[in-house]
Amino acid sequence: MSNTITFMIDGVEIEGKPGQTIMQAADEAGIYIPRLCAFKGLSPYGACRVCTVMVNGRPQAACTQPVAPGTVVENDTERLQHLRGNIVEMMFVEGNHYCMFCEKSGNCELQAMAYRFGIAAPKYPYLFPERDVDASHPDILIDRNRCILCGRCIRASSDLDGKNVFQFVGRGKDKQIAVNAEARLADTDIDVTDQAVSSCPVGAILKKRVGYAVPIGERLYDHKPIGSDIEAARTAGS
Amino acid sequence: MVVAKNGLKRVVIEPVTRVEGHGKVTILLDEKNKVQQARLHIVEFRGFERFVQGRPFWEVPVLVQRLCGICPVSHHLAAAKAMDRIVGGENLTPTAEKMRRLMHYGQTLQSHALHFFHLCSPDLLFGFDADVAIRNVIGVIAKFPDLAVQGVMLRKYGQELIKATAGKKIHGTGAIPGGINKNLSIEERDGFLKDLDQMVEWGRGALKVAKDYTVEHLELAKEFAAFPSSHLSLIREDGAMDLYDGGIRAITADGEKIFDHVAPEKYNDYIAEEVRSWSYMKFPFIKSLGPEEGWYRVGPLARVNTCDFIDTPEAEAARKEFMAVTDNKPNNLSLAYHWARMIELLHSIEKIKDLLHDPDLQGTDLVVKGERRGEAVGLLEAPRGTLFHHYKVDENDQVTMANLIVSTTNNNEPMNRAVDSIARKYIDGKEITEGLLNHVEVGIRAYDPCLSCATHALGQMPLVVELVDCEGNVIDRRSK
Ligand code: FES
């Protein structure tokens, strides 16, 4: 049995390995599939659906769907970009995202995704939910206004840090990230160097007192769109 | 409607008039239809003080810029100065302080240029009574195209300086608690040096227009919204004008010192704010003089009056000429604001020149920190006048209290006096004439109140004037 699985993404032949997800194989081939809950080193999760692709005509999450021989995957199509854009827009209106003064601006994956999809202003009404800030920890801040419920911190804490600091509580629109402690983040064993902190794609879990230390123009997405690192591999290789 | 003292009736402002960007003037008449009082209502955005509560302190200098679309850099810097003290980093490195000063002079340049060329020059070049159809920025472009272009270019130069120091022309991030997040590269510096001489030249030209106008119309200026007042500003230790830092100095209308070199964090001991039922904007006053007598002017006129000298040669020469007009006593003419503003514009350009030639701007030591504090005040001379930012921060780094006194609030009483004096002089019977409206507008404009970004973007001030009789009836209303 061959050790490669051949399939197509947008008409390009891709070689994946058994056990890989479509996203992993695409990454190696230098094809970017947008994502928010997926994170290097963490197991597939399938929460945000920003990575939705068409597999043989049916929508699937590329971060969880294993590669299969002969499948036809659509990724960079107008329809899918539109759908993904809508998901991102919903995330914006569901929380309180004020990019203009958020310290994560320029380094934020949600903001960068919106730019990549060309979203100027969401078409959905803002919900302006009441969310709180937990600043109890001396070095780490949680601002739930900006949480997109990707669950990265939950998985990073358990799978990478060997702790169990975060969990979800509540359902539906009341769902939010909580800490595994009596009350506040200060009561947990989290440390500022934990991957649970650095894995946050938005400005919801922050290292305190860093703020705007990196000037505009030198931030992660100031010059290159999100995903361009993956696409660079392809341009270089082809 | 409320019956007030003196048998005079007044109209309570309806919330519907709280339209941002509109100045509203109410002229109250007595039984004989003489002006009893004129009031200027400006809506001040106070929501910020609540909004900032609970936010981490390092976010404030960026967040607070949302307060104002015209001079966000002023709020950025005043908040950053307060947060410097919170982190115990108020003794900035030379690079950090000079980068911030460059940002501030850049913004003073752009703000003063915008105000003078776009808003005031039509009044000065065409006369207050000229047809509104030509008395506007389009008219200036048609009749004085060179001047109009200079205004645009001076402003652009200031905005580019803001971008180079703060990262963006509006709502940048440059100033951070205890310092700055970037220095000025050699390439950036050389880009500015290339156009510098041209800016100096144009700055001189603008100053000349303002000076000539004031000198030629001195008799008018002495009649028009001229009244004695105290003056307040920051002052450098040696008495020099300093737009970025210093202690607080207040002088009387005759130039006597009321207090001097007051440390910013002591402002509360010297200044209080009075609330008046008819206005959404507070009235600050000097405590020792009381609410009746304690009001003061801030801004370019006040700063030129309070300082002992200006530490750049051309602006200092201009200051001497300016002071000579009033025999070296404080100048109390509202119309002289324009001249004072252009002295500051040239001063800012001279300062920018000095800074650009200073190698400290290429330094790499950007941030300092020291002993943490729980409360701090940051003061700045914003283009429109002294700006106060006061914060308390808890041990979790969250803001628990914010108090701001913005420049326009400091000038609240003088602007009301200006409107009142103009109304008394120019009211004609029981109607609001075009002439009255124009004069009120020119009077308010001299103070460059910050009404809203929309106001300035449109290049004109949406103004509503209402005439109210002793019964409280609005008998005439005119707007533009
Ligand atoms: S990245 Fe696949 S569902 Fe979030």
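Residues numbered from 1 in each chain as written. Chains lettered and ligands numbered in written order. Predicted model: local features only at pLDDT ≥ 70, side-chain atom pairs only at ≥ 80, totals over all residues. Heavy atoms only, no water.

### What to know about helix α2 (residues 78-94) of chain A
- For α2(A), with 17 residues, the first-to-last C-alpha span of 24 Å sits near the 24 Å given by 1.5 Å per residue.
- Along α2(A), the positions that sit buried rather than exposed are A:Leu80, A:Arg84, A:Gly85, A:Asn86, A:Val88, A:Glu89, A:Met91, A:Phe92 and A:Val93. (Helix = DSSP H or I, 4+ residues; strand = E, 2+ residues; numbered from the N terminus. Expected span 1.5 Å × (residues − 1). Buried < 20%, exposed > 50% of the residue type's maximum accessible area, 1.4 Å probe, protein only.)

### Considering the confidence of the model for chain B
- Predicted confidence across chain B gives a mean pLDDT of 87, with 90% of residues reaching 70 or more.
- Here residues 1-21 of chain B is modelled with pLDDT under 50, and outside its nearest four sequence neighbours on either side it reaches 47 contacts, counting other chains as well. (pLDDT = per-residue confidence, 0-100. Contact = heavy atoms within 4.5 Å.)

### Section: the nonpolar core
Residues and elements named next belong to chain B.
- Ranked by internal contacts, the top residues of the largest apolar core, which has 98 residues, are Val25, Ile27, Leu154, Tyr157, Phe322 and Ile352.
- When we break this core down by domain, the ones giving at least three residues each are domain 1 (2-44 + 431-446 + 454-479) and domain 2 (48-226 + 317-403).
- Residues in contact with Phe322, not counting those within four places in the same chain, are Leu301, Val304, Asn305, Asn331, Ala336, Trp339, Ala340 and Ile343. (Core = buried A, V, L, I, M, F, W, Y, C linked by side-chain atoms within 4.5 Å. Domains from an automatic or database assignment.)

### A few points about the pattern of salt bridges
- Summed over the entire model, instances satisfying the criterion amount to 50 salt bridges over all chains.
- A salt bridge links B:Glu90 to B:Arg373; the shortest N-O distance between them is 2.7 Å. In this pair, B:Glu90 is assigned in the loop between α3 (72-86) and α4 (94-126) and B:Arg373 in the loop between α13 (337-356) and β13 (375-382), connecting sequence segments 283 residues apart.
- Since its relative accessible area comes to 27%, B:Arg373 is described here as partly exposed.
- Its salt-bridge partner being B:Arg249, residue B:Asp308 comes within 2.9 Å of it at the nearest N-O pair. Here the residue B:Asp308 occupies a position in the loop between α11 (300-306) and α12 (313-324), and B:Arg249 occupies one in strand β8 (residues 247-251), the gap between them amounting to 59 residues.
- The exposure class of B:Asp308 is partly exposed, given its relative accessible area of 38%.
- A relative accessible area of 2% means that B:Arg249 is categorised as buried.
- In this structure, a network of salt bridges that share partners links the residues A:Asp139, A:Lys208, A:Arg209, B:Arg372 and B:Asp397. (Salt bridge = Lys/Arg side-chain N within 4 Å of Asp/Glu carboxyl O.)

### A word on the packing of aromatic side chains
- Applying the stated criterion to the full structure yields 14 aromatic pairs over all chains.
- Taken together, a centroid distance of 4.7 Å and an interplanar angle of 50° make the contact between B:Tyr337 and B:Tyr447 tilted. One end of the pair, B:Tyr337, is in helix α13; the other, B:Tyr447, is in the loop between α16 (434-446) and α17 (453-458), and 110 residues separate them in sequence.
- You can call B:Tyr337 buried: its relative accessible area is 0%.
- Among the aromatic residues, ring-to-ring pairing joins A:Tyr98, A:Phe101 and B:Phe51 into one connected group. (Phe/Tyr/Trp six-rings, centres within 6.5 Å; stacked < 30°, edge-to-face > 60°.)

### Thoughts on the domain arrangement of chain B
Residue and element names in this part refer to chain B.
- Once the domains are mapped, chain B shows domain 1 (2-44 + 431-446 + 454-479) and domain 2 (48-226 + 317-403).
- In this complex, domain 1 contributes twelve residues to the contact, which on the side of domain 2 involves 18 residues.
- Buried area between domain 1 and domain 2, both sides added, is near 1300 Å², and the carbon and sulfur share of it is 60%.
- Linking domain 1 with domain 2 are two residue pairs in polar contact (both at pLDDT 80 or more).
- Per-element tally for the side of domain 1 that touches domain 2: the top contributor is α16, with nine residues.
- Residue composition of the side of domain 1 that touches domain 2, grouped by class: two nonpolar, seven polar and three charged. (Buried area = accessible area lost by both parts, 1.4 Å probe. Polar contact = N/O pair within 3.5 Å; in protein donor to acceptor, adjacent residues only side chain to side chain. Nonpolar A, V, L, I, M, F, W, Y, C, P; charged D, E, K, R; others polar.)

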